[in-house]
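Okay, here's what each chain looks like letter by letter:
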Amino acid sequence: MDLPPDLRTFHRSRDIRTAKDLATTDSTNEDKASHSYCKLTSLLCLEKKESPVNPYNRVDWTKMNSKWPLPDTDDNEINAVNSLPQLDCGAFPKSYMDACSCCPRQIFDKHDTDTINNYRSIVLKDDDCCKTHWTRKERYQKIKAKVDRAIKRHKIFLIRGELPKLKEALEKRGWVQKYEATKTRAVPYGSVASLEARSLGDLTQPDGTLNEKAVIFALLRHKSPDFIWDCRNDFVDWHRGLSNNIILNRYQKPFVYTSKLGMARLLEEAHWLYEKDVSSVLFPRSYNLSREPKAFLDDFRLTAAAGLLKWFVGRMQDGQGFSESGHRPILMSRLEFAIKRCEEFIAREIHQNIDKDFVTEFSEEEWNSFLDDYTAAVHEGAGIETTSEKSRDQLQKYLEATNPILARLKEIDPQYELNGMRNIWILKPSELCCGTGISISHSLKDIFRKIKSRPKDYFIVQKYIERPLLIHDTKFDIRQWYLVTNTFPMTIWVFKEGLLRFSSKPYTFSTYHEAIHICNTAIQEKYDEERRRRRKRGNSEEVVKSIRDQGWDCEKLNEYLKQTGLDGEPYYDKIYTKMSEAIVLTMLASQEHMDRRRCSFELYGADFVVMEDLSVWLIEINTNPRMHPPSSRITKRLYSNVLESLVKVIMDVPVNPAADTGGFNLVYRQNIPDFRPYLGPCLFVFGKSITLQEHPRKREKRKKGGTGWMKQQQQHQQQQQPRAWTAPPMIPRLREPKIVDFIDYLNTARCTAAN
């Protein structure tokens, strides 16, 4: 394309102006350098407050405490960022016109500025390739600078799963996310190199812009992250090649203490760790039927006997103790049977069976017959057989004998109120979550049938809480988040607010449907979807909001409890403190099974059920609590607050113990002395010395005509010193035992020390 000749002077005139400007520029280099240094220092001072260096990296620990390094500080690890030749070649131009490759430079030799601008607008109007290329390279330089700065400060994080709130909280602090290829996301990190990420797309998108995820992946493909968060349920242990400075959000093998069977096993002996107002727990008794069926069977039968007595007292107080038409009556002798079994239990608990055996053995047929009548009375509405006035008088005698027995059971059995009278048990898969595979039953045959249909150690059977605290006739439980930042010494942070999880339907025993009895979010969400479908069909009954849709939080629960007549702050004074104590005791019981890695932490979710008497019962602990996606307005707020507060605790507290921790409160920090003083010998013997009297060994009569070898052995034994019967056969006894009086020993030690 031919152009006017005067356009050719553009480059020459530009070079002349540049040469003239160089003289003035040299005189002000020092001023600009000092000005830029001051400006850079001020920016670093501002960033020091907002985004400190990763406190878990030992290399930068001294730098962080003494002086903040400049971005261009020489460091071997700083230059670890990769480069992309297709985007990083050549010097970066100051403007897109300097990067113009489609237009010959000679056309700008002899033209003035107006002509140049006009032609530039014509070129950009016809072809925008120069501007697009320059914009793409400018974006690349910004991404590379951000990644390079994050590498210098050891701020590269990797999230396996979807957790946008955590990603947002870390990026506000200058962290950069590392991405993985699809093939390597299901294996332990570090075991397989992730050098290709086709799932992230090409570097350049169809519109000509850069794909930031693909660029960051290419820049960090050989760089290990400084922080890894794995939020998957099928968690795989970390690869052993990971550095000790990498922050991990999991402890190794948490299923030992967070699985339902593992936690039940640990809490069996947890009472030894009880400390008033510090650590205590109420946990429904649980059984592994594949290993201890006899213990569960005895518990089931005893609970049924006590439940029949509770049912009998309730019926007599309501005037309904007699048989009703339409129901099969049970024999009156069942009450006497239940009374005897409860008396035997009380005798065992107070150790009256030491001198006399109170336990009476019954056959399986007798127990099965009793359980059938118990089920008919409690669950099917049957009454007691009364054919005459004499039988009614007998019922009154049974009532007088039952009341003191139940009062005695309440004193002895710590789970008396938990038992109820319906003998309901809940079966939970030990390793599953989100309410999967949970069932409820009061039938012994049904429970054992489900146990036999699954592999060994699959189910745990737990006593169901029959009298939970209800809000407007609706059951709920509490998900309480807590954070463990150190396992030795144990350091526990509990979030100040819990999540109230309500069921979708009113509480009743007429059915054991999961929408009524299981408050898990994943379970209840299924019935929210059903409600939405019915609303679309115009069903007016479903338009009414249930209590689950009303957005109850802990503050609203606290106000509700105060309206029922409770003093103070019932939730914070009674429920929250008991939940914290249960968490502390459970983690102390699990301490020996927890990994003691320096740069590890873990977020847990503990589920609690509150009973009518405001007693708080720990149900289970989840090692990977659900934090995304939110299911309601309440969870959206709480999930965000928990993750933002977690980042504050993890990143700020190691640098400044008085830093803001958001919604987390430090509830327990184990006090472990740095050393154990030597207190001298710890074994002393008290008493008096005794004189050892030896009795000669009885000689056996030997037959005449013994061999020469036998005679030599007899002579050798006679020459040896006689040995006491109580002495070991091959160890000579010390004739003068060194027995020292403890008081004399201390007096001698004081005199020796004084001299």
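Starting afresh in each chain, residues are numbered from 1 along the sequence in its written order. Per-residue local features are limited, in this predicted model, to residues with pLDDT of at least 70; the limit for side-chain atom pairs, both in listing and counting, is 80 or more; totals at the level of whole chains, interfaces and linings are taken over all residues. Note: side-chain values were computed over all heavy atoms of the structure, leaving out hydrogens and water.

Q: I keep staring at the overall build of the protein chain and nothing clicks. Help me out?
A: In this text, helices come from DSSP runs of H or I with a minimum length of four residues, and strands from runs of E with a minimum of two, each type numbered from the N-terminal end. Of regular secondary structure, the protein chain possesses 23 helices and 16 strands. Buried residues in the protein chain amount to 43% of all 755 residues. Counting only contacts in the protein chain whose residues sit at least 6 apart along the sequence, the fraction spanning at least 24 positions is 72%. Per-residue accessibility takes into account occlusion by the displayed protein chains alone, with areas from the Shrake-Rupley method and a 1.4 Å probe. Entry remark: accessible area of the protein chain is about 44000 Å², with carbon and sulfur atoms responsible for 52%. Classification of residues uses two cut-offs on accessible area relative to the type maximum, computed with a 1.4 Å probe and protein chains only: under 20% is buried, over 50% is exposed, and between them is partly exposed. The contact definition used throughout considers only heavy atoms, calling two residues in contact when any of these lie within 4.5 Å.

Q: Which parts of the structure should I look at to understand the pattern of salt bridges?
A: Any two side chains of opposite charge can pair if their charged atoms end up close together. Put simply, a salt bridge is a Lys or Arg side-chain nitrogen that is within 4 Å of an Asp or Glu carboxyl oxygen. As enumerated under the stated definition, the model contains 32 salt bridges in all. Ionic pairing is found between Glu-344 and Arg-341, a salt bridge with its closest N-O pair at 2.8 Å. In this pair, Glu-344 and Arg-341 are both assigned in helix α12 (residues 333–349), 3 residues apart and thus about one turn of the helix distant. Exposure remark for Arg-341: the relative accessible area of 8% places this residue in the buried category.

Q: What am I meant to see in the sheet that holds strand β5 (residues 227–230) here?
A: Backbone hydrogen bonds are what pair the strands of a sheet, in a parallel or an antiparallel way. In space, the 4 strands of this open sheet follow the order β4-β3-β5-β6, with parallel pairing throughout. On the outer flanks of this sheet lie β4 (176–177) and β6 (247–248), each paired with one strand and no other. Set on the sheet, helix α7 (residues 164–171) makes contact with β3 (156–160), β4 and β5; between it and β3 the angle comes to about 175°. For two strands to count as paired, DSSP must find a minimum of two bridges between them. Between the N-to-C directions of two axes lies an angle of 0 to 180 degrees, each axis being a line fitted to C-alpha atoms and, for a helix, fitted only over the stretch in contact.

Q: What am I meant to see in helix α20 (residues 570–589) here?
A: For an α-helix the count is 3.6 residues per turn, leaving residues at separations of three or four pointing the same way. The end-to-end C-alpha distance of α20 is 28 Å, a good match for the 28 Å that 20 residues give at a rise of 1.5 Å each. Along its length, α20 shows its largest kink, about 25°, at Tyr-576. Across the 20 residues that make up α20, a large majority, 15, are buried. A helix's residues, less one, multiplied by 1.5 Å, set its expected span. Here the bend at each residue means the angle between axes fitted to two seven-residue stretches, the one ending at that residue and the one beginning there.

Q: Could you clarify how one ought to interpret the side chain of Arg-334 in this entry?
A: Its place among the elements puts Arg-334 in helix α12. N or O atoms closer than or at 3.5 Å make up a polar contact, with two conditions inside protein: a donor-capable atom paired with an acceptor-capable one, and, for residues adjacent in sequence, both atoms drawn from side chains. Looking at Arg-334, its side chain comes within polar contact range of the side chain of Asp-373, at 2.6 Å. Among residues more than four places away in sequence, those in contact with Arg-334 are Leu-308, Ser-369, Phe-370 and Asp-373.

Q: Can you walk me through the confidence of the model for the protein chain in this structure?
A: One rule of thumb: low pLDDT means the predicted coordinates there are not for detailed reading. For every residue, the predictor assigns a confidence score, pLDDT, that lies between 0 and 100. Mean pLDDT over the protein chain works out to 78, with 67% of the residues at or above the 70 mark. Across residues 1–49 the pLDDT falls below 50, and counting only partners more than four positions away or on other chains, this stretch makes 49 contacts in the model. Contacts of residues 118–127 to residues separated by more than four positions or lying in other chains number 9 contacts, the stretch itself having pLDDT below 50.

Q: Would you mind going over helix α8 (residues 212–219) with me for this structure?
A: Judged by how many residues are buried, α8 sits mostly within the fold: 6 of 8 residues are covered. Ala-214, Val-215, Ile-216, Phe-217, Ala-218 and Leu-219 are the residues of α8 that are buried.

Q: Help me understand the sheet that holds strand β10 (residues 459–463), please; the structure alone is not making it clear to me.
A: One open sheet holds the 4 strands; their spatial order is β7-β10-β8-β9, and the pairing between them is antiparallel. In this open sheet, the two edge strands, each paired with only one partner strand, are β7 (286–287) and β9 (439–441). In this structure, strand β8 (residues 425–429) lies alongside β9, joined through 3 bridges in antiparallel fashion. Note on β9: the bridge partner recorded for Trp-425 is Ser-441.

Q: Just checking my understanding: could you explain the pairing of strand β15 (residues 616–622) for this structure?
A: Regular strands place side chains that alternate from one sheet face to the opposite one. Burial runs high along β15: 7 of the 7 residues are buried. Both strand β14 (residues 602–610) and β15 contribute to a ladder of 6 bridges, which runs antiparallel. Pairing of Gly-605 across the sheet is with Asn-622, part of β15.

Q: Help me understand the environment of Glu-343, please; the structure alone is not making it clear to me.
A: By secondary structure assignment, the location of Glu-343 is in helix α12. On the accessibility criterion, Glu-343 (39% relative accessible area) is partly exposed. Residues Glu-343 and Leu-409, spaced 66 residues apart in sequence, show a C-alpha to C-alpha distance of 9.1 Å.

Q: Please clarify how the packing of α12 against helix α13 (residues 364–378) should be interpreted in this entry.
A: At their nearest, the axes of α12 and α13 sit 11 Å apart, and the two run at 115° to each other. Judged by the angle between their axes, α12 and α13 are roughly perpendicular. Viewed along their axes, α12 and α13 form a crossing whose handedness is left-handed. Contacts between α12 and α13 involve Arg-334, Phe-337, Ala-338 and Arg-341 from the former and Trp-367, Ser-369, Phe-370 and Asp-373 from the latter. Of the residues belonging to the contact of α12 with α13, the class tally is 4 nonpolar, 1 polar and 3 charged. Relative orientations are named as follows: roughly parallel for angles under 35 degrees, roughly antiparallel for angles over 145 degrees, roughly perpendicular for angles from 65 to 115 degrees, and oblique for any other angle. Helix crossings fall into two classes, left-handed where the near helix is turned counterclockwise from the far one by less than a right angle and right-handed where it is turned clockwise. Polar here means any residue outside two lists: the nonpolar Ala, Val, Leu, Ile, Met, Phe, Trp, Tyr, Cys and Pro, and the charged Asp, Glu, Lys and Arg; Gly therefore counts as polar.

Q: When you look at unusual backbone geometry in this model, what are you seeing that I'm missing?
A: Outside of glycine, negative phi angles account for most residues, and trans bonds account for most peptide bonds. Between Phe-488 and the following residue, Pro-489, the backbone shows a cis peptide bond with an omega angle of 0°. Mapped onto the elements, Pro-489 comes out in the loop between β11 (476–487) and β12 (490–495). Omega for the bond connecting His-628 with Pro-629 falls within 30 degrees of zero, at -5°, which places this linkage in the cis form. Mapped onto the fold, Pro-629 is located in the loop between β15 and α21 (633–652). In this model, Asp-473 sits at a positive phi of 60°, which is unusual for a non-glycine residue.

Q: Can you help me understand the packing of aromatic side chains in this one?
A: Aromatic ring pairs are described here by two measures, namely the spacing of the ring centres and the angle between the planes. To pair, rings of Phe, Tyr and Trp, with the six-membered ring standing in for Trp, must have centres within 6.5 Å; the planes then decide the type, stacked if under 30 degrees apart, edge-to-face if over 60, and tilted in the middle. Evaluation of the coordinates by the stated rule reveals 24 aromatic pairs. A ring pair is formed by Phe-337 and Phe-362, whose centres lie 4.9 Å apart and whose planes are at 65°; its orientation type is edge-to-face. Taken together, the residues span a long stretch of sequence, with Phe-337 in helix α12 and Phe-362 in the loop between α12 and α13 at a distance of 25 residues. A relative accessible area of 12% means that Phe-337 is categorised as buried. On the accessibility criterion, Phe-362 (24% relative accessible area) is partly exposed.

Q: What's the story with the pairing of β8 in this structure? I'm lost.
A: The element β8 is largely enclosed, with a buried count of 5 among its 5 residues. Alternating residues of β8 divide into Trp-425, Leu-427 and Pro-429 and Ile-426 and Lys-428, and every residue in both groups is buried.

Q: How should I be thinking about the packing of α7 against α21 in this particular structure?
A: Put simply, α7 and α21 touch, their axes get as near as 9 Å, and they point 40° apart. When the interaxial angle is binned, α7 and α21 end up oblique. The way α7 lies across α21 gives a crossing that is right-handed. Contacts from Lys-165, Leu-166, Ala-169 and Leu-170 in α7 reach Ser-640, Leu-643, Glu-644, Val-647 and Met-651 in α21.

Q: Explain the side chain of His-517 here, please?
A: Inspection of the secondary structure puts His-517 in helix α17 (residues 514–517). Separated by 2.7 Å, the side chains of His-517 and Tyr-464 make a polar contact. Leaving out residues up to four positions away in the same chain, His-517 has contacts with Ile-440, Tyr-464, Lys-475, Tyr-507, Thr-508, Phe-509, Thr-511 and Tyr-512.

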